[in-house]
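Chain residues, written in single-letter form:
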Amino acid sequence: GPHETGALVEADPVISRDMHQRTVYLDINHWYALGRAAQGSPDSPEHATLLTALRGEVDSGRLVIPLSSISYEELTENPRDQLREPAADVMWHLSKGATIAPASRVVDEEIAAELNRRFGRPAFPAKVPKFGVGVGFALGIGPLKAIVPPEKRTEIETRIGMTIPDAEALLEYYALTTPGVLRAQIPNFDPNGRRRQADAELAALRVMLNNIHTDGTSITGRPADAVYARQLIGDIRENVAKALTTAGYAATFTMPLKNADEITDFIKRLPTQRVATDLKIHYARNPQINWKINHLRDIAALSVAIPYTDAVVTDRDVCSAATHGTHLDKEFNTAILSKLTDLGDYLGL
């Protein structure tokens, strides 16, 4: 697959390319398992051994384990400090601040590249880095930087007892760990703000799913058509409009793409959207599935992780959907696993 890997560069929020490295994305449940191992209470002896081996691989520069915006969201929402804090500590030390870009940013490059392939415009599609450093990169908003007037820098550093770069690094650490003692002191801290937005997305998705499985609606029994349409007019509508305008088209698909089949084929050729649509269609075909927030979050994280990392370790159900259900592992030449012990075997540890 089009995997990009690299080593962290302190002065740059983007990870430089180094083809000798491998990148692995871990679902939050596996971070919790590694947190328990770090505390001396591993779920199995193999987890403690693997944690030591992963630390060695990361420290040697042979392995990058990036976090995603979903990693931060799910960890922040967990109110149980005894679970969250050990996982956060392991995430901090194994990721070393490496993060993976959100699909909303990566798809900009994918759309521009596909327009160029089909129509020769834009002539020079912009590149979007897939891996970077810090929570700001994971959210697609850029690095967290303190805005300090040069003339005030020395005064502020003296007052806080550390350099501005050290303070920024501490901010990154707390963005991930947010210890319980600090959570209660942060004015208006709302760990569930993003959850409410996700709840609204889930409610809208359930309306579509209900229509798919209800006789007499315009999309009855047509999950693929419904998912592709929703993906286009919902998830990537603004990205498409921006790309078409940049390429010299009106902000509509009407001009370059002539019919529904061309639009569907276009979406399929965008790696992040191929993953998202294939998984959503797979789940949508089963009316017995009770869609939850975790389904949406798994799809959001994996839509970038599957095309652009070397291996993904997710939960058993998602692993089955991504392999046996949709064959995304073969599509992108990515190892999709469900157990930490399988990761150890994959890495040869």
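For the structure, check the block above.
Residues numbered from 1 in each chain as written. Predicted model: local features only at pLDDT ≥ 70, side-chain atom pairs only at ≥ 80, totals over all residues. Heavy atoms only, no water.

Caption draft 1: Spotlight on the packing of aromatic side chains. The full count for this structure, using the stated rule, is 1 aromatic pair. Lying across the ring of Tyr346, Arg22 places its NZ or CZ 5.5 Å from the centre. Above the face of the Tyr249 ring, Arg121 is positioned so that its terminal group lies 4.1 Å from the ring centre. (Phe/Tyr/Trp six-rings, centres within 6.5 Å; stacked < 30°, edge-to-face > 60°. Lys NZ or Arg CZ within 6 Å of the ring centre and 35° of its normal.)

Caption draft 2: Molecular detail of helix H18 (residues 340-347). All buried positions along H18 are accounted for by Leu340, Leu343, Gly344 and Leu347. Burial along H18 is one-sided: seen end-on, the buried residues are contained in an arc of 100°. Where H18 is buried, its residues meet strand E3 (22-26), helix H1 (28-38), helix H2 (45-60), strand E4 (63-64), strand E7 (311-313) and strand E8 (335-337). Where H18 ends, the next residue or the one after it, Gly348, has phi of about 75°, a positive value. (Buried < 20%, exposed > 50% of the residue type's maximum accessible area, 1.4 Å probe, protein only. Helix = DSSP H or I, 4+ residues; strand = E, 2+ residues; numbered from the N terminus. Arc of directions from axis to C-beta. Contact = heavy atoms within 4.5 Å.)

Caption draft 3: How the structure looks around helix H14 (residues 271-284). Helix length check: H14 (14 residues) gives 20 Å between terminal C-alpha atoms against 20 Å at 1.5 Å per residue, within 8%. Burial within H14 is extensive, with 12 of its 14 residues counted as buried. Within H14, the full set of buried residues consists of Pro271, Thr272, Gln273, Val275, Ala276, Thr277, Asp278, Leu279, Lys280, Ile281, Tyr283 and Ala284. (Expected span 1.5 Å × (residues − 1).)

Caption draft 4: The sheet that holds E4, seen in detail. Taken in spatial order, the 4 strands line up as E4-E3-E7-E8 in an open sheet, and their pairing is parallel. A single partner strand is all that each edge strand has here, and the edge strands are E4 and E8. Taken together, the 2 bridges between E3 and E4 define a ladder with parallel strand orientation. Counterpart to Thr23 in the pairing with E4 is Val64. (Pairing = 2+ DSSP bridges.)

Caption draft 5: Representation of the packing of helix H5 (residues 103-119) against helix H13 (residues 260-268). With their axes 10 Å apart at the nearest point, H5 and H13 run at an angle of 125° to one another. Here H5 is positioned oblique relative to H13, judged by the angle of their axes. The handedness of the crossing between H5 and H13 is right-handed. Contact residues: H5 offers Ile111, Glu114, Leu115 and Arg118, while H13 offers Glu262, Asp265 and Phe266. Looking at the contact of H5 with H13, its residues break down into 3 nonpolar, no polar and 4 charged. (Axes fitted to C-alpha atoms, helices over the stretch in contact; angles between N-to-C directions. Parallel < 35°, antiparallel > 145°, perpendicular 65-115°, else oblique. Left-handed = near helix turned anticlockwise from the far one by under 90°. Nonpolar A, V, L, I, M, F, W, Y, C, P; charged D, E, K, R; others polar.)

Caption draft 6: Quick look at the nonpolar core. Formed by 45 residues in total, the largest nonpolar core has its most connected members in Ile111, Ile306 and Leu328. Not counting the four nearest positions on each side in its chain, Leu328 is found in contact with Arg274, Val275, Asp278, Leu279, Ile306, Ala322 and Ile336. Counting residues in hydrophobic clusters, the runner-up holds 32 residues, among them Ala37, Met91, Ala138 and Ala311. (Core = buried A, V, L, I, M, F, W, Y, C linked by side-chain atoms within 4.5 Å.)

Caption draft 7: Seen up close, the pattern of salt bridges. Inspection of every chain in the model, using the stated rule, returns 15 salt bridges. Residues Arg297 and Glu73 are paired through a salt bridge, measuring 3.5 Å at the closest nitrogen-oxygen approach. Of this pair, Arg297 sits in helix H15 (residues 293-308) while Glu73 sits in helix H3 (residues 69-77), and the two are 224 residues apart along the sequence. Glu73 carries the same exposure label as Arg297, and that label is buried. Among the salt bridges present, the one from Lys130 reaches Glu109, with a minimum N-O distance of 3.1 Å. Here Lys130, found in the loop between H5 and strand E6 (131-133), pairs with Glu109, found in helix H5; they are 21 residues apart in sequence, far enough to count as distant. (Salt bridge = Lys/Arg side-chain N within 4 Å of Asp/Glu carboxyl O.)

Caption draft 8: Fine view of the environment of Phe131. Residue position: Phe131 is located in strand E6. Remark: the alpha-carbon pair of Phe131 and Pro66, spanning 65 residues in sequence, is separated by 7.6 Å.

Caption draft 9: Just the pairing of E3, in detail. With respect to burial, E3 is a largely interior element, 4 of its 5 residues being buried. Examined bridge by bridge, E3 and E7 share 3 bridges and lie parallel to one another. Within E7, the residue paired with Leu26 across the bridge is Val313.

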